[in-house]
Every structure is written in C-alpha cells, then in structure tokens.
Amino acid sequence: MSVELKNVTKRFRSPEGEVSSVIAVNDVSLVIHDGEMVTLLGPSGCGKTTTLRIVAGFEMPDSGNVVIGGKDVTDLPPNKRNTAMVFQSYAIFPHLTVFENVAFGLRIRKLPQSEIESKVGRMLELVGLSGMARRSPDQLSGGQQQRVALARAIVNEPDVLLFDEPLSNLDAKLREQMRSEIRRIQQSLGITSIYVTHDQSEAMALSDRIVIMNSGKIAQIGTPKQIYDTPSDRFVAEFVGRANFLPAEFEGFSEDRALLKVLGRRVALPKGKLGQEPDGALELVVRPETVKVTREIPEDVHAAGYLGKIVKAVYMGSVAEYDVAVGDAVLLAVVASPAEHGIFSAGDEVGITFSSDVAHPIVTRNG
Amino acid sequence: METTSPELTASNPFRRFARRVARLAKEPVLFASILVIFSLLAVFIIYPIVMVLLKSLTSAEHPGLEVYRNLLSSSYVRSSLYNSLSMGAAAAFLSCVVGFLFAYAVTRTDIPFKGFFNLMAIVPIISPPFLGAVSVLLLFGSNGLITSKLLGIYNYPIYGFKGLLFAQVVTFFPVAYLTLKGVLESISPTLEDAALDLGSSRSQVFRKVTLPLALPGIASALLVIFIESLADFGNPLVLAGSNFPTLSVQAYLQITGMYDLPGGAALSVILLIPSITAFVVQKYWVEKRKYVTVTGKPTNTAIKGVSTTTKWVLFGVCAFIAGVVLLFYGVIFAGAFAKLWGIDPSFTLRNFDYVWSVGREAIMDTLIIAGISTPISGLLGMAIAFLVVRKNFPGKKAMDFISMLSFALPGTVVGIGYILAFNKRPFMLTGTLAILVLNFIFRYFPVGIQAGVATLRQVDASIEEAASNLGAGTEKTFTKVTLPLIAPAFFSALVFAFVRAMTAISAAVFLVSADWNLMTVQILNQVNSGRLGAAAAFSVVLIGIIVAAMIIIRLVVDKLLGIRYQARFQGGGYK
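Residues numbered from 1 in each chain as written. Chains lettered and ligands numbered in written order. Predicted model: local features only at pLDDT ≥ 70, side-chain atom pairs only at ≥ 80, totals over all residues. Heavy atoms only, no water.

**Focus on the overall build of chain B**
Next up, step 1: Regarding its fold elements, chain B presents 26 helices and five strands.
Next up, step 2: In summary, chain B has a C-alpha radius of gyration of 25 Å against a globular reference of 25 Å for 575 residues, a match within 12%.
Next up, step 3: Taking the principal axes of the C-alpha coordinates as reference, chain B spans close to 80 × 65 × 50 Å.
Next up, step 4: Looking at chain B residue by residue over its 575 residues, the buried ones come to 54%.
Next up, step 5: Across chain B, the fraction of contacts at a sequence separation of at least 24, relative to all contacts at a separation of at least 6, is 80%.
Next up, step 6: Approximately 24,900 Å² of chain B is accessible, and the part contributed by carbon and sulfur atoms is 67%. (Helix = DSSP H or I, 4+ residues; strand = E, 2+ residues; numbered from the N terminus. Rg over C-alpha atoms; globule rule 2.2 N^0.38 Å. Buried < 20%, exposed > 50% of the residue type's maximum accessible area, 1.4 Å probe, protein only. Contact = heavy atoms within 4.5 Å. Areas by Shrake-Rupley, 256 points an atom, 1.4 Å probe, with all protein chains shown as cover.)

Okay, here's the thing in structure tokens:
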C-alpha cells in the first residue's frame, strides 16, 4: 500500500524551556509507492525518526496529513493503523516467550488458536527461528532478538513495515547478514517499507529509493545511484560517500558541452549536467575514487590533467588514500588495488586526471 | 534544527488543544479513565480540603478570617505551632543523620551483619502508630524498664520534647534510610574511584564527591520526614502531654473535646501550610536537582571508601541503633505477655484474652477495610503512574500534582475534611464502610504512583509502543505489558497500602463509627485508659497480621502476573 506525507510539520519544545521550540520535521511531503522500500537517511537530529514515528502514529504532526493506502490516518492512534515497526532496541516483551511475542498482535485480533499456531510457525521458519518458540527472550542473542522483532512485525501482514535503525545494536558482520535478509523478506512479501538509518552503506544496499534529510527538511530523493552520482547539494554529496569540491567558473557553452574553468584548466562537462548558466557559486563534485594518479605528467590539456604533489599517503591494503596538492587546492584520491597500480609516497610528483563524465556540478545559490 | 520565535509556537494554542482532545476521544477507554480519575481526585482530595477551608471561616464567635487572628493571639496555639515546627525540624535532622549513617554503612563499607542492619532499618515502617510512644513509656515511663528498674529513677519527665523526638526518630529514620540507600546505590562507585585515583584522600572523596552527589536525596528525605513529623498524631497524643501541645493533636482535641469544628478546622489549616510548602519545595525544586549516574552497567568495585577505624565506628553506631529498634519491639512483646509491666513480669495470655473479647470486631473490620482498599489503591497508583509517564493529555501535570498532594496532607486535615464533605447528599457516607475505604485509597496511593513512575522510567518506552503498534489499545497495553513489567512496584505499592491501612489513625480517628471500628483506635483507647499491656498485645496482633499479609500479597502477585521473568531482567533495566 502506498504512503503519502503531505506538508507534515512537527515541533518539539526545546529542552531549555517553553519559550521557543525546535522544528523536528519541517513541511515534509513524500510519496512512497506500493511495495517500495524507501530509506530515510540523515545525521542524528535530522528528523528521520520523528517522520517514521509520525507514520506509525506515535507522534502527532502539528500540521499536515498522513495518508496510507488512500485513507487519511493523521488522527488515528497507533493501534488503529495497520503499520508494524521494528524498533532500534528490539522492544521484545521480556515477560513473554518467543512464540507469544510473535503471536501478540494475532491474539489482540482474537484469531483462533490453530490459525495463530500455523501463522507463527511459518513466520518463525521464515526468519530462521523454528525450534526456539518456547524460549524466553533473554536466552536469545541480539541477532535472534532482532529476528523475533521482525517476525512479530510481519506476521500481522501490515500495510506498511517501519524500521527504526534496527541493526544499529548489532556487530558489523551480523549487520550485513541481517541487512540482506531484511531485503530478501521484504521483496518476497512485497510489503511497502520505510527504513530509518544513519548508515549510508545500509541505505545504499537496501533501498529502492533514498530520502536524504537535513534539519527537518528533505534534501534529496532518488535511487541510490542518483543520490551518489548526482547529489543535489554540498550536504548530500558530503553525507553520502566522500567528495572533493572543486571551485569552478562558468565560461560558456559549446555544441554539446558546458565549459568550466577548474583549478586553472578548462573542463568540458556533458551539457546534460549543466543545462543553463548557473545562478550562484559553482562547484564540481569529484568522488575520490574517480581521481586517477599517474607517474606520467599529462601533456594533453583537454583531458583535464593536472600536475600534483603527494602530501600524505595512507596505505590501507585494498586501497591507498592520497592527499594531492594541486596548486592551492588539495585533492583526495582513493586508488583501488594499489599493489597492482603502483604505490606513491609523500613528496612524489604525479599526474592527476578525472573524467568529466563522472564529475557533477552543484550550484549554491547566494543567500 | 531551527528555533522558532515564541509567536510561531503559540500560534493557535486552542486548535492544538482541540486536536489533542479529539485524538484522545478516539481512544475511548483512555479518555474515560482520565475523566474518571480527575473526578475522583476532585471529589476525594480537593473537595474535602475546600470544605475544611470554608468551615474554618464559619465560627460563631469569630466569623471569617477573625478565627485565625483569634487563634494566633492565643499563646497556647502559638506554642503548638512552634512545637510542631521545631519537632518536625529536629526529627527530620536526626532521622536523616541516622538514616544516612545506616545507608552509608550498608552501601559503602564491608561491615559484618549488613543483612541484619538492613532489616532493623526497615522494620519500624510496619509499626502500629503508638508503638514508638508505648515503647518509650514502657522503657522510660514511671515504671519504665530503664528509668526505674535499671537506673532507679522514678517519674523521669519523659513526656514532652525529648520523649516525642526519641519515638519519632525511631519511627521515621527508615524513610531516610530507604531514600538514601537508593541514592548512594545509584552513585556509581567508579566516581569515587576516580576521585581517589586523582589523589584525593578518603575524607576528601566523601566531602567533595559522595556527599554533594547525595545532597539532593538528603534534602528530599529531610522534607519528607518534616511532613510526616508534622502530620504525626499517635506519638504526640500519647507522649506530648499538656505542656508540649502540637497542632495535629490540638486540632483533634478542639473538635472531640470542645466540639468546636470551625476552630479545629482552622488549626488544621495552620498545620496544612508548612506541610504543603515543604511538599512543593520537595517536588518542584529538590527532585529536579537529583543527579542520575545510572549507566545500566553493573559496576563492581571493591569497597574501599572508608578506613578501618571509620568502619568500626559506623558498625558501633549501627549496632546501637539496631539495638534500640530491637528494644522497642522487644518491650512491646514483653509487655504484651507480662502480667503487670514493671511490677509483675510473670508470663500471661490475659492481655490477649482481653484483646480478643473487646477487639474481635475491630480486627475483622480492619481486615475488611484494608482488604478492600489495598488492591484498589495499588491499581489506581499504577494506572496513574502509567498515564503520567507514558501518555500525553491535557491536564497531565495537574493530575500528577493533585494525586501526589494527598501524601502531604496531614491526616488530621483529611479526617476533618471527610467528616465535613461526606455528611450530606450527594455524598452521604458518614459512619459507613465506604468512607473509611475511600479515605485509605486516596491517602495511600501516592507511594504506589511514585514506585510505579520510578520503575516505568527504567522500562524502555518502545516495549509499550510495540504493543500499541501491534494493535493493542491503551487498556490491553496496560494489563498485558505494562503491569507485568512493573510488578515489583505494584507489589511494594500493595504492601505499603496494606501496612498503612492497618496502622492508620490520624484521619481514621474522625471517621470510625460504632459499626465500623479500627484496631488502631482500640489501641488508642487502651493507651488513654492506661492499659499499656493491652495496647502492647493489640500491637503484637497487628504486626502478626501485617507480616502474614506481606507474604500472602507476594504469593498472589507472583501468581497473577507470572513474574518469574522479573529476576533475570532486573539489574540492567529492560533495554
């Protein structure tokens, strides 16, 4: 079922008193399509969890509407909405067995015992916990508790599945495993899902689309590829992945190219990347892994080549990271399998190139 | 995050309020419970106090505020006020000193017999109201064990300030002990280790770290005992004598002895003012200053806070106080089984025969009243704790304040309020079982609320959100999830409500009737007519019932709520 947020705003009283308030969610509008998995990604305090809790009904927006499957649920309490949440702290009922935890929602709906047994049994199988039904939650590991929480949420066949940073309490290995399992189960059941996280690799791996939030507002919505390759502003580019920001000057258009002056040399971008003359400060986002470091000094000016000097070199095994001084600027370059491509050290003079096809221009309007 | 100007936030407060109410109306059970609780608080807490205030202004001789001017011009009333306040201050100070020494010894040293000291510091909580006073008389009175038998002093002037202070400190220091033990346990010993590590001496650690961190807890205990001492009725009635009048006793005598209801009401209003002041300071000023250093991780550190000398000095003090507590209870038991205290100590069951013949009905009545009021008071306390901590509704702060307020109201005020408020339609309750039951419910549920609030704050809110998210309404969430999780608080609320219902006197003395009488009132009658042996026997029966009830309540709560998971989940909270 689809979920729609229309101009949702939520304020909280600021901790220091009642004089002023903090806007946690600021005029957010968003449509999530049926069966889609959308991630809300942002730094802590950006309003992503509050947005999720508004969808669940734990928080009431000050203004705006929440529509689930075409029905306005803004004023409905959580228990009257068919949403199911997987909590960051798992929120397993400590006084109930695994079976009773999963059966909780079914018992509230007064389903017959036989149906409850078959549904819970199937669900425990789906999450790989068959045979643990009689256990008490404190006999489970963190990952197992998380599976109980997931089973408990989806056994009720919710319209929308909500995830509130569900993997943040697990260790790194388990996190990756649970991440692909959540994606597998979500896709096999086709449940519309909203997933909150501050971990960008989790968001990239899980999502059909990512919503980047900052200070209560949506900064960008797009597929993981759109977000990474064509960030809408400096915040998004910095938050997702790492980026070099090179100040650029607009020089004009040629036939199918936009011509920029970057670090003293001309860079010709495909015209699709910069359709019109920029109306603010122009910067070029160059991802560090697209920067190539070579021993040979490039001669062809139109290939956007630079002369650089290694300032700092960090060898990390699978990659090497270099800070390279180009004129007054310092570029970060990340080179994969350095053992194969040659290792540089501080002080080396090198050639620097990056493809204008993968560089992305951003415009910061004045004021 | 952006910060907005006050104008923006305040925009349309009415619409906001209306929307909150509209949302509440979508949960009819929650909405109805809130309305019912507010009406109950209004009728059984606010209305009686208002009646006391109004009645105090209706004196025939001194109408209006004249009654207060008249009372305060009387030197006897002025000295009552002074006595009550100075006794409150002295009892609070000494009880806190004793309570702190006990708590510090139990939590911060490795003295032997800790379990025993802990028990001795809790036992006085289940005292019948006159126990302290009767014990003081049996020990120091005209035929007292210590005065006349040991020291050969006859007619030692134990009545008055000294005797009362002694009885009150023994009765009230457990309150300070329990508060300060909790506070000291929550101060992570790693902080003290850190201070030692940074080069402080042990006494510096105590003065610069432990004591400042415990200070808000100490202030809180001081104020609570001040309130309890002001409200104390049983001990001053027996021990104060005519040369040491106190307000709570004077208000009672004004009504029962001089049939002056407006005068008694006015005296009780004078008593109300310092009580409520102390309560407001405690609730809104001291409580906010409490430090929380609970990390959830159990920190095990070797106990090394005190030197060997300090340790044994503390041991000595604790042993002495524990001895006094034992002595207080010992003489009650001895007195109950003695033929004639101080004169003929031979063993007899005569006192119990007497108790059975005159007090049988009062014992039954007391059990019925306590049996009805205890579960209601406990459940109401948990329900209010749940609403206050977890729900958001207009008037939440008012609900919290009014329900906690009833703790600060001296029993004398409440008793007078109830006879004034419920002697005519629509609330015609005088002389009935209902008036006693209602009185006990609304006087003793604040402790349940406090325990419930404290436990609920330890329980991760998302556990209840999960229940609501899975379709459980407020009432299902409360009964299926919240109540089992806060079972320990529920247990202590039940025990407290029962103990208080069994030992109540100050308000109840105004409300008993020929049909419904209480054991405590019977004890009062025995003390008044000088039959200390019978009073002691009554007290022994009362203590026996309380101990038996505590065991039964524990079994029932365990059975009903199935709290076998509790033990494992405690400690680190429910995170």
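Following the structure, the description resumes.
**Some words on the sheet that holds strand S9 (residues 209-214) of chain A**
Residues and elements named next belong to chain A.
Next up, step 1: The strand order S6-S7-S8-S3-S9-S10 describes an open sheet built from six strands, whose pairing is mixed. Either end of the sheet is taken by a strand with one partner, and the two such strands are strand S6 (83-86) and strand S10 (217-222). Averaged over neighbouring strand pairs, the angle between their axes works out to 20° when direction is ignored.
Next up, step 2: Contacting S6 and strand S7 (160-164), helix H4 (residues 142-154) crosses the sheet at an angle of about 175° to S6.
Next up, step 3: Along the sheet face, helix H5 (residues 172-189) touches strand S3 (37-41), S7 and strand S8 (192-197) and points at about 140° away from the line of S3. (Pairing = 2+ DSSP bridges. Axes fitted to C-alpha atoms, helices over the stretch in contact; angles between N-to-C directions.)

**Some details on helix H24 (residues 519-528) of chain B**
Next up, step 1: In terms of residue burial, H24 of chain B counts as a mostly covered element, since eight of its 10 residues are buried.
Next up, step 2: Among the residues trailing H24 of chain B, Gly530 of chain B stands out with phi positive, at a value near 80°.

**Here we look at the environment of Leu483 of chain B**
Residue and element names in this part refer to chain B.
Next up, step 1: With respect to the helices and strands, Leu483 occurs in helix H21 (residues 474-485).
Next up, step 2: Residue class for Leu483 comes out buried when judged on its relative accessible area of 8%.
Next up, step 3: The spatial distance from the C-alpha of Leu483 to the C-alpha of Phe498 is 19 Å, given a sequence separation of 15 residues.

**Some thoughts on the packing of aromatic side chains**
Next up, step 1: One pass over the full model with this rule turns up 33 aromatic pairs over all chains.
Next up, step 2: Relative to Phe253 of chain A, the ring of Phe250 of chain A has its centre 5.1 Å away and its plane inclined at 65°; by these criteria the two rings are edge-to-face.
Next up, step 3: Phe253 of chain A gets classed as partly exposed once you look at its relative accessible area, which sits at 35%.
Next up, step 4: Aromatic side chains Phe440 of chain B and Tyr444 of chain B sit 6.0 Å apart centroid to centroid with 40° between the ring planes, which places their arrangement in the tilted category. With a gap of four residues between them, Phe440 of chain B and Tyr444 of chain B both fall in helix H19 (residues 433-458), about one helical turn apart.
Next up, step 5: Take Phe440 of chain B: its relative accessible area is 2%, and that puts it in the buried class.
Next up, step 6: Put simply, the rings of Phe102, Phe113, Phe116, Phe117, Phe173, Tyr177, Trp312 and Phe315 of chain B pair up and form one aromatic cluster.
Next up, step 7: Arg134 of chain A extends its terminal NZ or CZ atom over the ring of Phe99 of chain A, reaching a point 5.1 Å from the ring centre. (Phe/Tyr/Trp six-rings, centres within 6.5 Å; stacked < 30°, edge-to-face > 60°. Lys NZ or Arg CZ within 6 Å of the ring centre and 35° of its normal.)

**Overview of the layout of surface pockets**
If a probe the size of a water molecule is rolled over the atoms, the empty space left behind becomes visible.
Residue and element names in this part refer to chain B.
Next up, step 1: The computed volume of the second largest pocket comes to approximately 510 Å³.
Next up, step 2: Lining the second largest pocket are 24 residues, and of these Leu138, Gly530, Arg531, Leu532 and Gly533 lie nearest its centre.
Next up, step 3: Counting residues per element, the ones that place at least two in the lining of the second largest pocket are helix H7 (131-140), helix H12 (234-239), strand S2 (338-340), helix H16 (350-390), H24 and helix H25 (532-561).
Next up, step 4: Its residues assigned to classes, the lining of the second largest pocket shows 13 nonpolar, eight polar and three charged. (1 Å grid on protein atoms, 1.4 Å probe; cavity = no way out; pocket = protein on both sides within 12 Å on 5 of 7 lines; lining within 4 Å. Points joined across faces, edges and corners; volume = space filled by probe spheres on them. Nonpolar A, V, L, I, M, F, W, Y, C, P; charged D, E, K, R; others polar.)

**As for the state of the cysteines**
Next up, step 1: Counting across every chain of the model gives zero disulfides over all chains.
Next up, step 2: Left without a disulfide partner, Cys318 of chain B is nearest to the cysteine sulfur of Cys96 of chain B, which lies 15 Å away. (Disulfide = S-S within 2.5 Å.)

**Things to note about empty space enclosed by the protein**
All names here are of chain B.
Next up, step 1: For the structure shown, the criterion picks out four cavities of 30 Å³ or more.
Next up, step 2: Quantified by volume, the largest cavity comes out at close to 90 Å³.
Next up, step 3: If you go around the largest cavity, you meet 14 residues; those closest to its centre are Phe44, Ile45, Leu409, Val414 and Tyr418.
Next up, step 4: Elements represented by at least two residues in the lining of the largest cavity include exactly helix H3 (28-56), helix H18 (411-421) and H19.
Next up, step 5: The element that contributes the greatest number of residues to the lining of the largest cavity is H3, accounting for five residues.
Next up, step 6: For the lining of the largest cavity, the per-class residue count stands at 10 nonpolar, three polar and one charged.
Next up, step 7: Its boundaries defined by the atoms lining it, the second largest cavity holds a volume of some 60 Å³.
Next up, step 8: Ser84, Met87, Leu164, Gln168, Ser229, Leu230, Asp232, Pro236, Thr246 and Ser248 are the residues that line the second largest cavity.
Next up, step 9: Contributions of two or more residues to the lining of the second largest cavity are made by helix H5 (75-108), helix H9 (161-186) and helix H11 (202-231).
Next up, step 10: Partitioning the lining of the second largest cavity into residue classes produces four nonpolar, five polar and one charged.

Remember, this is a structural readout, not a statement about activity or role.
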